[in-house]
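Breakdown of the fold
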Amino acid sequence: MLIVVIGVSYQFSVREIVKSTSFYQQNNLIQLDKQLNIQMTEIENISLAISRNSNLQEYLSEAEGADSYTRFAIASRITFDLSNIAFSMPIIQSIRVYIEDPPVSDYQGPVKFVKLQELHEEPWSETVDNSDFSWIGQHLISTNKGDLPVISFARKIYTPGYEYKALVVLDIKASDIIKLIQGEEPDANRVLLDLGLRAVASTGDISAEQYRETAQDLIRHDNANLNDKGTLRYHDSLVVWSKLFSSEWILMEVTPWSEMTKGSVRTAAVMFSIGIAAIVIALIMTLILSKQFTKPIILLLKSMNSFSLGHKDKPIVEDYHNEFGALFKGYSVLVDRTTELYASLEQQYRKQKEAEIQALQAMINPHFLYNTLDQLNWMAIEAGEEKMSRVLELMGRMFRIGLSNGESMITVERELTHLECYLQIQQIRWGEKLGYAIDVPEAAIKALYLPKLTLQPFVENAIIHGFHGRETGLIVISAALSQGDVHFEISDNGVGIPDNWQQQKARNTGGYGIRNVRERLIAYYGPAYDIGIRSNPNTGTMISIRVPVIKEKPVSEGGQDVEGSHY
């Protein structure tokens, strides 16, 4: 029995240690993944700006027929522009431009011009051959300070006639990326993988090839979904990974199993020793004091059998001042600790629920921003600056409401203001062809609270997908109070929603905005508050959303009003 108890205790303790370790590592990886995603996205945006540099485009288009002075002048301006970028970003080691007819490079400067034909001599050339842009894993480059390890991002440069003329490579200091991956744990075994499971950077005692084999085995043998977060035992290690919704990176951490369980092994040994000693003492005491054992044991068993979390009664026995008294006191302490543990687990569950809700909230903002910025892109091409000024004004209001200084709940009035700004932007594009109506006359409804960005994804889907291929469209938004809840309806006369909208697509072609809102509502209010969808190709789509009446901001919401913040 002692061995069984110790074995079960060992298994439960290991399970709790693994659970708490994986939970901590998962949250830590998510935070590190967010920081890495911000840094990597900034580098990608810089490369995009370089590819559109007017001086570089001028050199690619006119350098062949220009005289030597003109070529030198243009090349000097290019070097000046790229040097400013490199000096303004300490993380950037150098910028290389592979071009057919390169100008002379400054050996001491951060900008280097290389013949495009020499690109195939690089060991990583195959990585960029079949894509317009790609990250290159850690490698060495030659500098005036010797060979330095870097992580590079390469982007092809096209002329206005879509002719591939050059390649720009941004060399990032590998040490800075490794520091981001390490976080506050320099001894952790972590790796940053791209979607092709290539190791971009790693830290710890495990090689990049071992990380790659581990990731491939998790997918092949364990059916692990590396496009999300997860935890698995892999051989003699615990593998925890994280991937943000909008990220192109997988951050993975590997912890040896023996390192996590060594504390439990020591505890089991101590428990075994204590158990053996207790058994010996108990046998001796049983032989001597068997009659005196009956009454206190019965009392203790009665108290233990009647104990439940709903009735936290303690045994009130003060007649014993010997070992039995200590036993009753120990049981009383155990009841207190059990109650405290239960309260702690309840608090942990609430925090975990809030973290899940915040993660779901963060998923929708990039989806909306990218679609809206795409509209701004074609408007900048087709429309004049007057329209763009109006669009930027509306976008500023939308961003302030959408960000809300980290708040998850906003008033219905602010949600409708955000929605109307979006519709006004679309009307600038559509003109009189797009009509809409917002019918929420009651001031009491506008003062209520709901999760932000609850209505906008459905209006966005109606415009982008429902009115696709149509010349006109009409959207009607209304709200009413009914049986203690607020009922919202969003209707359009578009092409309708396909029956398989809930299935995950191979490409991001829509549907995740609806799923995100649905998951957030269920996370906030439970399965009873789901989304109703009625769709018909002839009449359009009707969306029904029901949320409870919330008159005050939840206590967990914090931060100052975003209208007064500076961005």
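For the structure itself, look to the data block above.
Now for a quick tour of the structure. (Residues numbered from 1 in each chain as written. Predicted model: local features only at pLDDT ≥ 70, side-chain atom pairs only at ≥ 80, totals over all residues. Heavy atoms only, no water.)

Let's talk about the sheet that holds strand 14 (residues 473–482)
Spatially, the five strands line up as an open sheet ordered 12-14-15-17-16, and their pairing is mixed. At either end of the open sheet lies a strand with only one pairing partner, and these are strand 12 (434–439) and strand 16 (531–536). Adjacent strand axes in the sheet meet at a mean angle of 10° when their direction is disregarded. Strand direction decides the pairing type here: strand 14 and strand 15 (residues 485–492), joined by eight bridges, are antiparallel. Each residue of the ladder has a partner; that of Ala479, found in strand 15, is Phe488. (Pairing = 2+ DSSP bridges. Helix = DSSP H or I, 4+ residues; strand = E, 2+ residues; numbered from the N terminus. Axes fitted to C-alpha atoms, helices over the stretch in contact; angles between N-to-C directions.)

Some thoughts on the environment of Asp187
Position of Asp187 among the secondary structure elements: in the loop between helix 5 (174–182) and strand 6 (189–194). The exposed category is assigned to Asp187, whose relative accessible area is 73%. The spacing of Asp187 and Thr203 is 16 residues in sequence and 7.8 Å in space, taken between C-alpha atoms. (Buried < 20%, exposed > 50% of the residue type's maximum accessible area, 1.4 Å probe, protein only.)

Digging into the pairing of strand 8 (residues 230–234)
Side-chain direction in a regular strand flips from residue to residue, so the side chains alternate between the two faces of the sheet. Both strand 8 and strand 9 (residues 237–242) contribute to a ladder of five bridges, which runs antiparallel. Bridged to Thr231 within strand 9 is Val240. Hairpin connection, strand 8 to strand 9: the antiparallel pair is bridged by two residues, and His235 has positive phi, about 55°.

Things to note about the nonpolar core
Counting residues in each nonpolar core, the largest one holds 45 residues, and the members touching the most others are Ile43, Ile92, Leu170 and Ile177. Top element by residues in this core is helix 1 (residues 2–51). It accounts for nine residues. Not counting the four nearest positions on each side in its chain, Ile177 is found in contact with Leu36, Met40, Ile91, Ile151, Ile172 and Ala201. With 42 residues, the next largest nonpolar core counts Leu434, Val486, Tyr525 and Tyr529 among its residues. (Core = buried A, V, L, I, M, F, W, Y, C linked by side-chain atoms within 4.5 Å. Contact = heavy atoms within 4.5 Å.)

Overview of the pattern of salt bridges
Taken as a whole, this structure holds nine salt bridges when the rule is applied. In this structure, Arg96 and Glu122 form a salt bridge, with 3.8 Å as the shortest nitrogen-oxygen distance. Pair noted here: Arg96 is in strand 1 (residues 92–99) and Glu122 is in the loop between strand 2 (111–115) and helix 4 (125–129), with a separation of 26 residues, a long-range link. Where Arg546 meets Asp485, a salt bridge forms, and the shortest distance between an N and an O atom there is 2.6 Å. Of this pair, Arg546 sits in strand 17 (residues 540–548) while Asp485 sits in strand 15; the two residues are 61 residues apart in sequence, bridging distant segments of the chain. Look at Asp485 and you get buried, because its relative accessible area is 8%. (Salt bridge = Lys/Arg side-chain N within 4 Å of Asp/Glu carboxyl O.)

Brief notes about the packing of aromatic side chains
The final tally for this structure, using the stated rule, is seven aromatic pairs. Relative to Phe153, the ring of Phe133 has its centre 6.2 Å away and its plane inclined at 40°; by these criteria the two rings are tilted. Residue Phe133 is found in strand 3 (residues 133–143), and its partner Phe153 is found in strand 4 (residues 146–158); the two are separated by 20 residues along the sequence. Residue class for Phe153 comes out buried when judged on its relative accessible area of 0%. Put simply, the rings of Phe133, Trp135 and Phe153 pair up and form one aromatic cluster. Here the basic side chain of Arg233 rests over the ring of Trp257, its NZ or CZ set 3.9 Å away from the ring centre. Sitting over the face of the ring of Tyr529, Arg546 holds its NZ or CZ atom 4.5 Å from the ring centroid. (Phe/Tyr/Trp six-rings, centres within 6.5 Å; stacked < 30°, edge-to-face > 60°. Lys NZ or Arg CZ within 6 Å of the ring centre and 35° of its normal.)

Things to note about the sheet that holds strand 9
One open sheet holds the five strands; their spatial order is 7-6-10-9-8, and the pairing between them is antiparallel. Here the strands that pair on one side only, and so sit at the sheet edges, are strand 7 (199–203) and strand 8. If you compare each strand with its neighbour and ignore which way they point, the axes differ by 20° on average. Pairing between strand 9 and strand 10 (residues 249–256): six bridges, direction antiparallel. Residue Trp241 lies in a different strand from strand 10, and its bridge partner there is Met252. Against the sheet, helix 1 contacts strand 6, strand 8, strand 9 and strand 10, and its axis sits at roughly 40° relative to strand 9.

Here's the deal with helix 6 (residues 208–222)
Taking 1.5 Å per residue, 15 residues should reach 21 Å; helix 6 reaches 20 Å between its end C-alpha atoms and fits that length. All of the buried residues along helix 6 are Tyr211, Thr214, Ala215, Asp217 and Leu218. Looking straight down helix 6, one finds its buried side chains confined to an arc of 160°; they lie on one side. Facing away from the buried side of helix 6 by over 90 degrees, the exposed positions are Arg220 and His221. Residues of helix 6 that are buried sit in contact with strand 6, strand 7, strand 8, strand 9 and strand 10. Asn223 sits one or two positions beyond helix 6 and adopts a positive phi of about 55°. (Expected span 1.5 Å × (residues − 1). Arc of directions from axis to C-beta.)

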